[in-house]
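Next come the chains, spelled out residue by residue.
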Amino acid sequence: MLIKTRKPSDVRSSEITSESVYKDRRSFLKKSGQFAFAGMGVTLVGCSDASEAKPKTKDSVIETGYDNIPQLRAPQWLKEKVATYKQSGYTTSEQLTPYTNVTNYNNFYEFGYGKDDPAKKAVNLKTDPWSITVEGEIEKPGTYTLEDILKGQDVEERIYRLRCVEAWSMVIPWVGFSLADMLKRFQPTSKAKYVEFHTLFDPQQMPGQRSSFSAIQYPYVEGLRIDEAMNPLTFMAIGLYGKTLPPQNGAPLRLVVPWKYGFKSIKSIVKIRFTETMPQSTWVKSGPNEYGFYANVNPEVDHPRWSQKSERRLPNSIWEPNKIETKKFNGYEEEVAHLYKGMDLSKHF
Ligand code: MTE
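**Q** What is the right way to read the pattern of salt bridges from this model?
**A** Tallied over the entire structure, the rule returns 18 salt bridges. One salt bridge in this structure joins Arg313 and Glu94, with 3.0 Å as the shortest N-O distance. Remark: Glu94 occurs in the loop between β3 (91-92) and α4 (99-104) and Arg313 occurs in strand β14 (residues 310-313); sequence separation between them is 219 residues. Measuring nitrogen to oxygen at the nearest pair gives 3.7 Å for the salt bridge that ties Glu135 to Lys271. Of this pair, Glu135 sits in strand β4 (residues 131-136) while Lys271 sits in strand β13 (residues 269-275), placing them 136 residues apart in sequence.

Listed below in structure tokens is the structure:
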């Protein structure tokens, strides 16, 4: 499947990033005193990267086999597993966001609110051994090691757009497998209407979880309706740019839901629960008027404090804002619009 969207180079010069969005959010933060929202603010400064070498096209990257991408610490068996990835039809003609941006401009509040905090502070995150507890409305509950989960599981590369609710975006080559493949193995019962995911809770390793100023509760929790979870686009990533996932990107495995705002794509998952009722997700609990359970990318429904009509495609800078139009469902409308037939998406945002 080729997912075509307008290239960054096609952007109209009239679409220039406004700094007022950033300022508006900062003043709200000050007033509300909710420091945890700071990291979800639009940070124009943190993403400046005018000196970045021109991103490689997918073809040139594949030719070199991602030669220049470092292999970070990970168990040998996992490195080998990731290396077996095949190309998939899930791709795009858009330029990949350079590895430097993908791995140094992150949201992972467990390691701080600055965009460069996760790269600095997650370096020693212990991801081996790793296991996932699976429970709730299923026939096969249990605690599965990562090796159990990946045994016999083919992996593939998918190039997806990631659109953050903060109005920046990237194009990332993930390695992983369809979430549906994994969930079906646990044999959900007819009562399984939703799937809830939890990130590791380990305050010793995760400084953000020790902070008494945090406005979000830990562990970080996200959820999907079961049909969203089973949609072929929904992906479990164990790697990016052909190598195992860096800790700051959610090692050893994370969710990727490309038609939803990035906060749904929960990192470093240790628990999956199948439920009959809608999960209480972290961002909905923290700001129900700002962050909805569905969180579908939607340029027609603005965030209460900024527009969602456009986004900054990284890398960008103040001089080259690289602002592009935001597409409904992040450009994956054909694949997912049917899931929301008859729903008022301004209410179910
Ligand atoms: N998962 C956890 N556990 N903690 C987080 O803070 N941030 C989310 C999401 N998953 C987050 C998380 C947000 S807001 C975004 S935009 C994406 O991760 C960013 O993923 P990236 O850092 O790999 O680009």
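**Q** Just checking my understanding: could you explain the site of the ligand for this structure?
**A** Taken together, 17 residues are adjacent to the ligand, and Tyr109, Glu110, Thr199, Arg254 and Lys267 come closest. Within the backbone of Tyr109, a nitrogen or oxygen atom sits 2.8 Å from an oxygen atom of the ligand. Within the side chain of Arg254, one N or O atom sits 2.7 Å away from an oxygen atom of the ligand. Residues belonging to the shell around the ligand are distributed by class as follows: eight nonpolar, six polar and three charged.

**Q** Help me out: how do you make sense of helix α3 (residues 76-83) in this one?
**A** Spacing of three or four residues puts side chains on the same side of an α-helix, whose turn is 3.6 residues. Of all the residues in α3, the buried ones are Leu78, Lys81 and Val82. Down the axis of α3, the sector holding all buried residues measures 95°, keeping them to one side. Of the surrounding secondary structure, the elements contacted by the buried residues of α3 are α6 (146-150), β7 (168-178), β10 (235-240) and β11 (243-244).

**Q** How should the confidence of the model for the protein chain be read in this particular structure?
**A** Close reading of the predicted structure is inappropriate where its pLDDT is low. Of the residues in the protein chain, 81% have a pLDDT of 70 or more, and the chain-wide mean is 86. Low pLDDT (under 50) marks residues 1-39, which in the prediction has 84 contacts with non-local residues, meaning those over four places away or in another chain.

**Q** Before we go on, may I ask you to explain unusual backbone geometry in this structure?
**A** For residues other than glycine, phi is negative in most cases, and the peptide bonds are mostly trans. The step from Asp128 to Pro129 runs through a cis peptide bond, and the omega angle for that step is 5°. Position of Pro129 relative to the elements: it lies in the loop between α5 (117-121) and β4. Going from Tyr218 to Pro219, the amide bond is cis rather than trans, its omega being 5°. Considering the arrangement of structural elements, one finds Pro219 in the loop between β8 (194-199) and β9 (221-225). One non-glycine residue, Gln187, lies in the positive phi region at around 55°.

**Q** What am I meant to see in the sheet that holds β8 here?
**A** Across a sheet, paired strands are connected by hydrogen bonds in the backbone, their directions being either parallel or antiparallel. Taken in spatial order, the five strands of this open sheet run β5-β4-β13-β8-β9, and their pairing is mixed. The open sheet has two edge strands, β5 (142-145) and β9, and neither has a second partner. Strand-to-strand twist in this sheet, taken as the mean axis angle between neighbours without regard to direction, amounts to 20°. Where β8 and β13 come together, six bridges link them in antiparallel fashion. Paired with Phe197 across the bridge in β13 is Ile272.

**Q** I'm lost on the packing of aromatic side chains in this one. Help?
**A** Any two aromatic rings considered together are summarised by their centre-to-centre distance and by the angle between their planes. Per the stated rule, a full pass over the model turns up 17 aromatic pairs. Each ring, one from Phe108 and one from Phe111, has its centre 4.9 Å from the other, and the planes form 80°; the classification is edge-to-face. Measuring from ring centre to ring centre gives 5.5 Å for Phe329 and Tyr340, while their planes differ by 15°; the resulting arrangement is stacked. Within this pair, whereas Phe329 is found in the loop between β15 (323-325) and α10 (333-336), its partner Tyr340 is found in the segment after α10, the two being separated by eleven residues in sequence. This pair shows no difference in class: Phe329 is buried, exactly as Tyr340 is. The structure contains a cluster of three or more aromatic residues connected by ring pairs, namely Tyr109, Tyr113, Phe263, Trp283 and Tyr291.

**Q** Teacher, can you tell me more about the environment of Leu200 here?
**A** With respect to the secondary-structure elements, Leu200 resides in the loop between β8 and β9. C-alpha of Leu200 to C-alpha of Tyr218: the two residues are 18 residues apart in sequence and 8.9 Å apart in space. Setting aside anything within four residues of it in sequence, one finds Leu200 in contact with Leu125, Trp130, Gln205, Met206, Gln209, Ser268 and Val270.

**Q** It is not clear to me how the environment of Arg225 should be interpreted in this structure. Could you clarify?
**A** Structurally, Arg225 is set in strand β9. Overall, the relative accessible area of 13% leaves Arg225 in the buried class. Other than its neighbours up to four places away in sequence, Arg225 contacts Lys193, Tyr194, Phe293, Tyr294, Leu339, Tyr340 and Met343. A distance of 2.8 Å separates the side chain of Arg225 from the side chain of Asp227, its partner in a polar contact.

**Q** Honestly, the pairing of strand β6 (residues 156-163) in this entry has me stumped. Any pointers?
**A** The side chains of a regular strand alternate, first on one face of the sheet and then on the other. With seven of its eight residues buried, β6 lies for the most part within the structure. When β6 meets β7, the two strands line up antiparallel, connected through eight bridges. Bridge pairing links Tyr160 to Ile172 in β7. In this antiparallel pair of consecutive strands, β6 and β7, the connection spans four residues, and Ala167 shows a positive phi of 75°.

**Q** I tried to follow the nonpolar core on my own but got confused; where do I start?
**A** A general tendency of soluble globular proteins is for nonpolar side chains to be buried together. Counting residues in each nonpolar core, the largest one holds 87 residues, and the members touching the most others are Phe197, Ile272 and Phe274. The contact partners of Phe274, leaving out residues within four places of it in the chain, are Val134, Glu135, Gly136, Glu137, Ile138, Leu183, Phe186, Pro188, Ala192, Tyr194, Val195 and Ile226.

Parameters at a glance
Residues numbered from 1 in each chain as written. Predicted model: local features only at pLDDT ≥ 70, side-chain atom pairs only at ≥ 80, totals over all residues. Heavy atoms only, no water. Salt bridge = Lys/Arg side-chain N within 4 Å of Asp/Glu carboxyl O. Helix = DSSP H or I, 4+ residues; strand = E, 2+ residues; numbered from the N terminus. Near = heavy atom within 4 Å. Polar contact = N/O pair within 3.5 Å; in protein donor to acceptor, adjacent residues only side chain to side chain. Nonpolar A, V, L, I, M, F, W, Y, C, P; charged D, E, K, R; others polar. Buried < 20%, exposed > 50% of the residue type's maximum accessible area, 1.4 Å probe, protein only. Arc of directions from axis to C-beta. Contact = heavy atoms within 4.5 Å. pLDDT = per-residue confidence, 0-100. Pairing = 2+ DSSP bridges. Axes fitted to C-alpha atoms, helices over the stretch in contact; angles between N-to-C directions. Phe/Tyr/Trp six-rings, centres within 6.5 Å; stacked < 30°, edge-to-face > 60°. Core = buried A, V, L, I, M, F, W, Y, C linked by side-chain atoms within 4.5 Å.

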